[in-house]
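Remarks on the overall topology
These are the residues of each chain, in order.
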Amino acid sequence: MSETWKCTPFQGNCYSVSETAGSYDQAERECTERGGILAVITDQLTQDFFIQLLSVSSKDTWIGLADEHFRGEWQWSDGMFLSSSTYTSWAYGEPNDSGNCTHLWPAGGFNWDDQPCHKSAYHICQFMF
Ligand SMILES: [Ca+2]
């Protein structure tokens, strides 16, 4: 792992894209160990910021949204339920119940897609300043 991981500030938080890929659980653990959480997206500005952040490398990336605990009840890594938010950015036809974890899908314009949690993807950690 690189010692010089970058953290990009945006709207009061700082975001870091991983340099290695792994399962959703690994991603969650890695963020927690560094004192953060998997990234939460509650508005278009943040979604746009992530698209910009990922567009260079076009990485397939986990965000902190899963329905592992209650199927169909999507919950963010900060505990908030998606149903209580007005903002979503699912790719067309998603979520299609193809998994319990959410990634920013390069082929879908970095809109959200549910896929199996054991799949390998990069991830974005979110840290509070
Ligand atoms: Ca899906």
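Structure: see above.
Here goes a summary of the coordinates provided. Starting afresh in each chain, residues are numbered from 1 along the sequence in its written order. The predicted origin of the model limits local features to residues at a pLDDT of at least 70 and limits the giving and counting of side-chain atom pairs to 80 or more, whereas totals for whole chains, interfaces and linings rest on all residues. Excluding hydrogens and water, the side-chain figures rest on all heavy atoms present in the structure.

On to the state of the cysteines. Throughout, disulfides are identified as pairs of cysteine sulfur atoms within 2.5 Å of each other. If you walk through the whole model with that rule in mind, you get 3 disulfides. Disulfide pairing places Cys7 opposite Cys14 at an S-S distance of 2.0 Å. Taking the relative accessible area as the measure of exposure, Cys7 reaches 29% and is therefore partly exposed. Should the bonded cysteines of the chain be numbered as they appear in the sequence, the pairing reads 1-2, 3-6, 4-5. Exposure is judged per residue with a 1.4 Å probe applied to protein chains only, and the accessible area is read against the type maximum: over 50% gives exposed, under 20% gives buried, and values in between give partly exposed.

Let us now look at the coordination of the calcium ion. Within the first shell, the calcium ion binds the protein through Glu94 (OE), Asn96 (OD1), Ser98 (OG), Asp113 (OD), Asp114 (O) and Asp114 (OD), at distances of 2.2 to 2.4 Å. Coordination at the calcium ion comes from 6 donor atoms whose angles at the metal span 66 to 148°, giving a geometry best classed as irregular. When the donors of the calcium ion are listed by position in the chain, the intervening gaps give E-x1-N-x1-S-x14-D-D. Remark: Asp114 occurs in strand S7 (residues 111-115) and Ser98 occurs in the loop between strand S5 (75-76) and strand S6 (101-105); sequence separation between them is 16 residues. The donor definition counts N, O and S atoms within 2.8 Å of each metal and applies 3.2 Å to Na, K and Ca; water is not among these atoms, so some sites may look incomplete. Just to be clear on the cut-offs, tetrahedral is four donors with all angles between 85 and 135 degrees, square planar is four donors and octahedral six with opposite donors over 155 degrees apart and all others between 65 and 115, and anything else goes down as irregular. Helix and strand definitions follow DSSP, with helices as H or I runs of at least four residues and strands as E runs of at least two, each counted in order from the N terminus.

The next subject is the pattern of salt bridges. Here, a salt bridge means any Lys or Arg side-chain nitrogen found within 4 Å of an Asp or Glu carboxyl oxygen. Counted under the stated rule, the structure contains 1 salt bridge. The residue Asp97 makes a salt bridge to Arg71 at a minimum N-O spacing of 2.5 Å. Of this pair, Asp97 sits in the loop between S5 and S6 while Arg71 sits in the loop between strand S4 (61-66) and S5, and the two are 26 residues apart along the sequence.

Turning our eyes to something else, we now look at the packing of aromatic side chains. By convention, a stacked pair of Phe, Tyr or Trp rings (six-membered ring in the case of Trp) has centres within 6.5 Å and planes under 30 degrees apart, an edge-to-face pair has planes over 60 apart, and any other such pair is tilted. Following the criterion strictly, the structure yields 10 aromatic pairs and no others. Measuring from centroid to centroid gives 5.6 Å for Tyr15 and Phe49, while their planes differ by 55°, and the two rings are tilted. One end of the pair, Tyr15, is in strand S2 (residues 13-17); the other, Phe49, is in helix H2 (residues 44-55), and 34 residues separate them in sequence. Look at Phe49 and you get buried, because its relative accessible area is 10%. Aromatic pair Trp76 and Trp112: ring centres 5.4 Å apart, planes at 90°, arrangement edge-to-face. Pair noted here: Trp76 is in strand S5 and Trp112 is in strand S7, with a separation of 36 residues, a long-range link. Here Trp112 falls in the buried class, since its relative accessible area comes to 0%. Only lysine NZ and arginine CZ atoms are considered, and such an atom sits over a ring when it is within 6 Å of the ring centre and within 35 degrees of the ring normal. Over the ring of Tyr122 we find Lys59, and its NZ or CZ is 4.6 Å from the ring centre.

Okay, the nonpolar core next. Ile41, Phe50, Leu65, Trp76, Leu104 and Trp112 are the most contacted members of the largest nonpolar core, which has 19 residues in total. Secondary structure elements with two or more residues in this core: H2 and S4. With 3 residues, H2 is the largest single contributor of residues to this core. Non-local contacts of Leu104, meaning those with residues more than four positions away in its chain, are made with Ile41, Gln47, Phe50, Leu54, Lys59, Asp60, Thr61, Ile63, Phe110, Asn111, Trp112 and Ile124. Formed by 12 residues, the second largest nonpolar core is a distinct cluster that contains Cys14, Cys117, Cys125 and Phe127. Residues belong to one nonpolar core when they are buried, are Ala, Val, Leu, Ile, Met, Phe, Trp, Tyr or Cys, and are joined through side-chain atoms within 4.5 Å. Any pair of residues with heavy atoms lying within 4.5 Å of one another is described as a contacting pair.

Moving on to H2. When the terminal C-alpha atoms of H2 are compared, their 16 Å separation across 12 residues agrees well with the 16 Å that a helix rising 1.5 Å per residue should span. Here H2 has its buried residues at Thr46, Gln47, Phe49, Phe50 and Leu54. Projection of H2 onto a plane perpendicular to its axis shows the buried side chains occupying an angular sector of 160°, all on one side. Exposed residues pointing more than 90 degrees away from the buried face of H2 are listed as Leu45 and Gln52. Buried residues belonging to H2 abut strand S1 (8-10), S2, S4, S6, S7 and strand S8 (122-128). Each residue after the first adds 1.5 Å to the expected span of a helix. Think of it as the arc spanned by the lines of direction from the helix axis to the C-beta atoms.

The values are spatial; any link to function lies outside them.
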